[in-house]
Amino acid sequence: MLGIDAGGSKTSVLLGEIVDGQLRSIGSAVGAAGNPRSVGFDVALATIHHTIEQAFDSARIPSTMVSHACLSVAGAGRPDERQRILDWCSSTRVAAHASVVGDAECLLAAIDTCGVALIAGTGSMAWGRGTAGDTARAGGCGFLFDDEGSGYWLAAEALRHVCMAGDARRETTSLQEAVLTHLNLSASTELIGWCYEAADPRCQIATLAPLVFQEYARDAVAQEIVQAGARALAKLVSAVVHELTFPADGFALACAGSVLLRQPVYRRLLETELGRLGAAPRKLCFIDNPVEGALQLAYSSATAQVSRP
């Protein structure tokens with residue numbers, strides 16, 4: 001069986017088998033970006049297919065159709081997009097039984113059957129499943145008017161400050177020097193060309209998020225931005241929690257995305273804000289490899305099929 005996580009920066013594949021009733025990973029591979037909205041459907045599907053073949057190579061077995069596959073594909077949330085992926089799975093004989101899920105559902109599956117998943121990478125969103133199987137989501141509406149707390153949002157807020165400080169609308173802080181030095185620019189006006197002439201301005205801007213954390217300890221504006229981002233992420237989780245019913249002992253929270261995984265101060269602030277909102281989880285996990293959840297969902301599908309009369 002296969003677990004596939006195709007995102008905006010990479011595509012991860014895990015190949016597994018069931019031995020004595022237990023799921024075991026036997027091969028893996030990482031490929032290029034597989035988000036259809038970022039690279040187009042044809043490129044995304046070709047990348048997924050190539051990465052699957054590499055996973056078989058790593059297991060030292062010939063590539064063949066598996067019994068079950070679960071594909072978590074960012075940028076393919078609409079029914080017609082998911083159906084296109086399922087049709088591709090059928091035509092290419094990737095799997096006898098395939099399912100397409102959201103990246104947050106895949107993330108939650110890595111730790112529990114119900115709870116909340118929070119993603120804060122280039123973009124941001126929260127998704128959850130309650131004890132009754134009902135689901136809810138918050139955020140994830142894209143960088144133009146959402147994605148608060150994400151890497152893009154943090155960096156865009158920093159660039160906004162740098163531009164306003166450049167023409168005396170805000171005070172100059174170390175954040176301005178850090179950004180201009182990092183980009184080898186002499187003035188904030190040069191950010192216009194750096195940003196708007198890029199092939200993918202959203203991803204280019206998001207790469208500056210680490211600078212905001214770099215300046216956090218000494219720069220009041222960086223502190224303001226990071227703290228606001230943590231509050232925004234906590235509100236995403238809280239919004240989902242209040243829509244669902246969980247066991248009496250609380251809910252599990254699975255977190256992923258570069259800014260949460262790589263920035264300890266952001267994780268600490270998130271936990272503080274969750275407590276302030278009355279949405280502290282009973283279990284908090286930071287997942288570095290969400291594709292494990294996709295493989296777990298494929299395994300669950302396989303075992304459920306076997307148990308049906």
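Residues numbered from 1 in each chain as written. Predicted model: local features only at pLDDT ≥ 70, side-chain atom pairs only at ≥ 80, totals over all residues. Heavy atoms only, no water.

Chemist: What is the right way to look at the environment of Val 212 in this model?
Modeler: Looking at the element boundaries, Val 212 is found in helix H9 (residues 209-214). Discounting residues that sit within four places of it in the chain, Val 212 has contacts with Leu 154, Ala 158, Leu 175, Ala 222, Ile 225 and Val 226. (Helix = DSSP H or I, 4+ residues; strand = E, 2+ residues; numbered from the N terminus. Contact = heavy atoms within 4.5 Å.)

Chemist: Explain the pattern of salt bridges to me, please; I cannot follow it from the model alone.
Modeler: A side chain of one charge can pair with a side chain of the opposite charge when the charged atoms of the two come close. For the structure on display, the rule yields 11 salt bridges. Residue Glu 81 is joined to Arg 78 by a salt bridge in which the shortest nitrogen-to-oxygen separation is 3.0 Å. Judged by relative accessible area, which is 7%, Glu 81 ranks as buried. Salt-bridge contacts for Arg 218 lead to Glu 215; the nearest nitrogen and oxygen are separated by 2.8 Å. With relative accessibility at 62%, the residue Arg 218 sits in the exposed group. The buried category is assigned to Glu 215, whose relative accessible area is 1%. Several salt bridges share partner residues, and in doing so they unite Asp 112, Asp 249 and Arg 282 into one network. (Salt bridge = Lys/Arg side-chain N within 4 Å of Asp/Glu carboxyl O. Buried < 20%, exposed > 50% of the residue type's maximum accessible area, 1.4 Å probe, protein only.)

Chemist: What am I meant to see in the sheet that holds strand E8 (residues 135-139) here?
Modeler: Taken in spatial order, the five strands line up as E8-E7-E6-E9-E10 in an open sheet, and their pairing is mixed. Looking along the sheet, the strands with just one partner apiece sit at the ends: E8 and strand E10 (283-286). Here the average twist between neighbouring strands, direction ignored, is 15 degrees. The pairing of strand E7 (residues 124-129) with E8 spans five bridges and is antiparallel. Across the sheet, Met 125 pairs through a bridge with Gly 139, a residue of E8. Helix H10 (residues 220-241) contacts strand E6 (115-120), E7, E8 and strand E9 (252-256) of the sheet and is inclined by roughly 25 degrees relative to E7. (Pairing = 2+ DSSP bridges. Axes fitted to C-alpha atoms, helices over the stretch in contact; angles between N-to-C directions.)

Chemist: Can you walk me through helix H12 (residues 264-276) in this structure?
Modeler: The periodicity of an α-helix, 3.6 residues per turn, causes residues three or four positions apart to be oriented the same way. Helix length check: H12, at 13 residues, gives a terminal C-alpha distance of 19 Å against a target of 18 Å (1.5 Å per residue), a fit within 8%. Among all positions in H12, only Val 265, Tyr 266, Leu 269, Leu 270, Glu 273 and Leu 274 are buried. Where H12 is buried, its residues contact E6, helix H5 (151-166), H9, H10, E9 and helix H11 (258-262). (Expected span 1.5 Å × (residues − 1).)

Chemist: Would you take a moment to explain the side chain of Ser 12 for this structure?
Modeler: Inspection of the secondary structure puts Ser 12 in strand E2 (residues 11-19). Residues contacting Ser 12, with those up to four places away along its chain left out, are Gly 3, Ile 4, Asp 5, Ala 29, Val 30 and Val 291.

Chemist: How should I be thinking about helix H3 (residues 79-91) in this particular structure?
Modeler: The end-to-end C-alpha separation of H3 is 18 Å, in line with the 18 Å expected for 13 residues at 1.5 Å each. On the buried face of H3, the contacting elements are helix H1 (36-39), helix H2 (41-59), strand E4 (66-73) and strand E5 (95-101). Backbone geometry just after H3 places Arg 93 at a positive phi near 55 degrees.

Chemist: Would you take a moment to explain the pairing of strand E3 (residues 22-31) for this structure?
Modeler: Regular strands have side chains that alternate between both faces of the sheet. Bridge count for E2 against E3 is nine bridges, and the pairing is antiparallel. Bridge pairing in E3 links Leu 15 to Gly 27. Between E2 and E3, which pair antiparallel one after the other, the connecting turn spans two residues, and Asp 20 there sits at a positive phi close to 55 degrees.

Any link to function would need more than the numbers given here.
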